[in-house]
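Here is what each chain is made of, one letter per residue.
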Amino acid sequence: MDFEISDKMKIIIGMINEFVDNELIPMEQDFLSKPLNSLAPEIEKKRSLVKQMELWAPNHPKQYGGMGLDLIEHALVSEALGRTPLGHFVFGCQAPDAGNIEILNMFGTKEQKEKYLRPLVEGKIRSCFSMTEVDMPGSNPVMLETTAAKDGNDYVINGQKWYSSSADGSEFAIVMAVTNPEAPPYLRASMIIVPTNTPGFNLVRNISVMGHAGEGYFSHAEILYQSCRVPQTNLLGQEGHGFVIAQERLGPGRIHHCMRWIGICNRVFDLMCSRAVKREISAGKTLATKQIIQSWIAESAAEIESARLMVLHAAWMIEKVGASAARKEISLIKFMVAGVMQKVIDRALQVHGGLGMTDDTIISFFYRHERAARIYDGADEVHKISVARRILKEYEGRKVK
Ligand SMILES: Cc1cc2nc3c(=O)[nH]c(=O)nc-3n(C[C@H](O)[C@H](O)[C@H](O)COP(=O)(O)OP(=O)(O)OC[C@H]3O[C@@H](n4cnc5c(N)ncnc54)[C@H](O)[C@@H]3O)c2cc1C
């Protein structure tokens, strides 16, 4: 077992941490209080700086302008960038584009790669992933109502989606729609690239989530596809293979998310400890002298460290045996790290008292936005059921002494 981080990665992580501290964290107060559009020029400047430093698109293929880091290397990057909500976007490795880049790279045709993948990696355009539906359970994605019917050389798409994150301002959506209704459930749906200027692509609204509808990259849209017609050449991969492709998207994506959450834990842990040693709660006594606060700090430290090691181990498993064979590890970290993050953010907020509820620190933003971690990419319960089934299967017919 080797926990050593390579010299190359030490340098990269050092540069990223410095950039996050000096360039991005100082922008957070504006990010929390001003419309996102008003910050767009400043964000673009930061993105240019990242490109000049040759740290752009760390996890994306070199051939399209990324750094080509492997999964474990990018996990460490994701942890460093997760300390601020602006991190992944400014470095060109944000979801949902990151997942779309992966599947376009794996399954896209030459034309699709030139038209969509290249400008996406370069950060010239954005995209969204449009699978979840208003009236159908996202936890059981084979129950899709959206259809893509063949008509001449085209697909005609009809359906209602929501939570298509970052659709506002995106150039295209990758839409999951039923193309083969008679096939077995997991072979019924396909992924189709739909440019957002296609007639029939109707962005109904940015959904208000935890009191804020957001805009641009930081938003979640409801989309009505009404006789939305695209050429059949916009099919991604094979027809009926939407779920096969979706599986590819989720493995590495969960590592990125989980390490981003560890980054959030690290940030709020720092804030919690620094507040505890400063805040006098009685004459000459700070919060840090109280055992209950010490207990939260010790528990948080242990939970963050163990969650971090679990994620790095899952990333190592994916690299060694592939995402499919590492399904148990991937499910374990998904609910485990989301839960740890929620607890640590909550404790940090509590230690800050009334200040924790304000937007004068980043903690309340994380508290609101990261609650969703226990729902997207598979709700906690779905992952727990999946892990328990796998474990219990190992006991069937096995004698335990
Ligand atoms: C912030 C955010 C961003 C998102 N981004 C995207 C995106 O970009 N693209 C996209 O397509 N979708 C996106 N989603 C949607 C997300 O994938 C779904 O919300 C998720 O899959 C759950 O589906 P659902 O909301 O329909 O809940 P349901 O499937 O209705 O489930 C509701 C609850 O039921 C429980 N549950 C479900 N199944 C079981 C079970 N078998 N046993 C016991 N309990 C169960 C869970 O607690 C679950 O939370 C996003 C969601 C959020 C919150």
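Use the structure listed above.
Below is a short write-up of the structure. Every chain begins its residue count from 1, and numbering advances along the sequence as written. Side-chain atom pairs in this predicted model are given and counted only at pLDDT of 80 or more, local residue features only at pLDDT of at least 70, and totals for whole chains, interfaces and linings cover all residues. Calculated side-chain values reflect all of the structure's heavy atoms, with hydrogen atoms and water omitted.

**Regarding the pairing of strand E8 (residues 218-231)**
Bridge count for strand E3 (residues 154-165) against E8 is 9 bridges, and the pairing is antiparallel. When the sheet's bridge partners are listed, tyrosine 155 is paired in E8 with valine 230. Bridge count between strand E6 (residues 201-206) and E8: 5 bridges; the pairing is antiparallel. Bridge pairing links arginine 205 to glutamate 222 in E8. Strand pairing follows a simple DSSP-based rule, namely that at least 2 bridges must link the two strands. Secondary structure elements follow DSSP: runs of H or I no shorter than four residues count as helices, runs of E no shorter than two count as strands, and numbering proceeds from the N terminus.

**Overview of the pattern of salt bridges**
By convention in these notes, a salt bridge is any Lys or Arg side-chain nitrogen within 4 Å of a carboxyl oxygen on Asp or Glu. Under the counting rule described, the total for this entry stands at 24 salt bridges. With a shortest N-O distance of 2.8 Å, arginine 308 and glutamate 79 are connected by a salt bridge. With a gap of 229 residues between them, arginine 308 in helix H9 (residues 291-321) and glutamate 79 in helix H4 (residues 71-81) connect regions that are remote in the sequence. The salt bridge partner of aspartate 151 is arginine 229, with a shortest N-O separation of 2.7 Å. Linking aspartate 151 in strand E2 (residues 147-151) with arginine 229 in strand E8, this pair joins segments that are 78 residues apart in sequence. Relative accessibility thresholds used throughout: buried, under 20% of the residue-type maximum; exposed, over 50%; partly exposed, between the two (1.4 Å probe, protein chains only). Classification of aspartate 151 as partly exposed rests on a relative accessible area of 38%. Look at the salt bridges and you will find they share partners, linking Glu23, Glu42, Lys45 and Lys46 into a network.

**Things to note about the packing of helix H8 (residues 242-278) against H9**
As a packed pair, H8 and H9 sit with axes 10 Å apart at the nearest point and diverge in direction by 160°. Classified by the angle between their axes, H8 and H9 sit roughly antiparallel to one another. The two elements H8 and H9 meet at a crossing, and its hand is left-handed. Between H8 and H9, the residues in contact are Gly251, Pro252, Ile255, Cys258, Met259, Ile262, Cys265, Asn266, Phe269, Met272, Cys273 and Ala276 and Ile293, Ile297, Ser300, Ala301, Ile304, Ala307, Arg308, Val311, Leu312, Ala314, Ala315 and Ile318, respectively. Amino acid classes used here: Ala, Val, Leu, Ile, Met, Phe, Trp, Tyr, Cys and Pro are nonpolar; Asp, Glu, Lys and Arg are charged; the rest, including Gly, are polar. When grouped by side-chain class, the residues that make up the contact of H8 with H9 number 20 nonpolar, 3 polar and 1 charged. Interaxial angle, 0 to 180 degrees, is taken between N-to-C directions of lines fitted to C-alpha atoms, where a helix line uses only the stretch in contact. Orientation labels follow simple angle bins: below 35 degrees gives roughly parallel, above 145 gives roughly antiparallel, 65 to 115 gives roughly perpendicular, and whatever is left gives oblique. Each crossing gets its handedness from the near helix: less than a right angle anticlockwise from the far helix is left-handed, clockwise is right-handed. Pairs of residues are marked as contacts when any of their non-hydrogen atoms sit within 4.5 Å.

**As for the nonpolar core**
We call a set of buried Ala, Val, Leu, Ile, Met, Phe, Trp, Tyr and Cys residues a nonpolar core when their side-chain atoms join them within 4.5 Å. Counting 93 residues, the largest nonpolar core has Ile16, Phe91, Leu104, Met191 and Ile255 as the members making the most contacts within it. In terms of residue count, H8 provides more of this core than any other element does, 14 residues in total. Setting aside its immediate chain neighbours within four residues, isoleucine 16 contacts Leu55, Val77, Ala80, Leu81 and Phe91. Listed in part, the 17 residues of the second largest apolar core include Ala173, Ala221, Val230 and Leu235.

**Some words on unusual backbone geometry**
A cis amide bond, omega 0°, links alanine 95 with the succeeding residue proline 96. As for its placement among the helices and strands, proline 96 is situated in the loop between helix H5 (87-90) and helix H6 (97-107). Positive phi, close to 65°, is recorded for serine 166, a residue that is not glycine. Topologically, serine 166 is positioned in the loop between E3 and strand E4 (172-178). Although it is not a glycine, aspartate 377 sits at a positive phi angle of roughly 55°.

**A look at the packing of H8 against helix H10 (residues 327-352)**
Direction vectors running N to C along H8 and H10 enclose 20°, while the axes themselves pass 9 Å from each other. Classified by the angle between their axes, H8 and H10 sit roughly parallel to one another. With respect to the hand of their crossing, H8 and H10 are arranged in left-handed fashion. Looking at side-chain class alone, the contact of H8 with H10 contains 20 nonpolar, 2 polar and 4 charged residues.

**Here we look at the site of the ligand**
Proximity is defined per residue: if any heavy atom of the residue lies within 4 Å of a molecule or strand, that residue is considered near it. In the vicinity of the ligand lie 17 residues, with Thr132, Gly138, Ser139, Tyr163 and Glu381 positioned nearest. Here a nitrogen atom of the ligand and a side-chain polar atom of serine 165 are 2.8 Å apart. Within the complex, 66% of the 980 Å² of free accessible area of the ligand lies under protein. Contributing elements (two or more residues each) for the shell around the ligand: E3 and helix H13 (380-395). No other element matches H13, which puts 3 residues into the shell around the ligand. Counting of polar contacts relies on pairs of N or O atoms within 3.5 Å, with two restrictions inside protein: one atom must be capable of donating a hydrogen and the other of accepting it, and residues adjacent in sequence are counted only when both atoms are side-chain atoms. Here the open area of atoms and residues is found with the Shrake-Rupley method and a 1.4 Å probe, where only the protein chains shown may cover a residue.

By themselves, these are just geometric observations and shouldn't be taken as functional.
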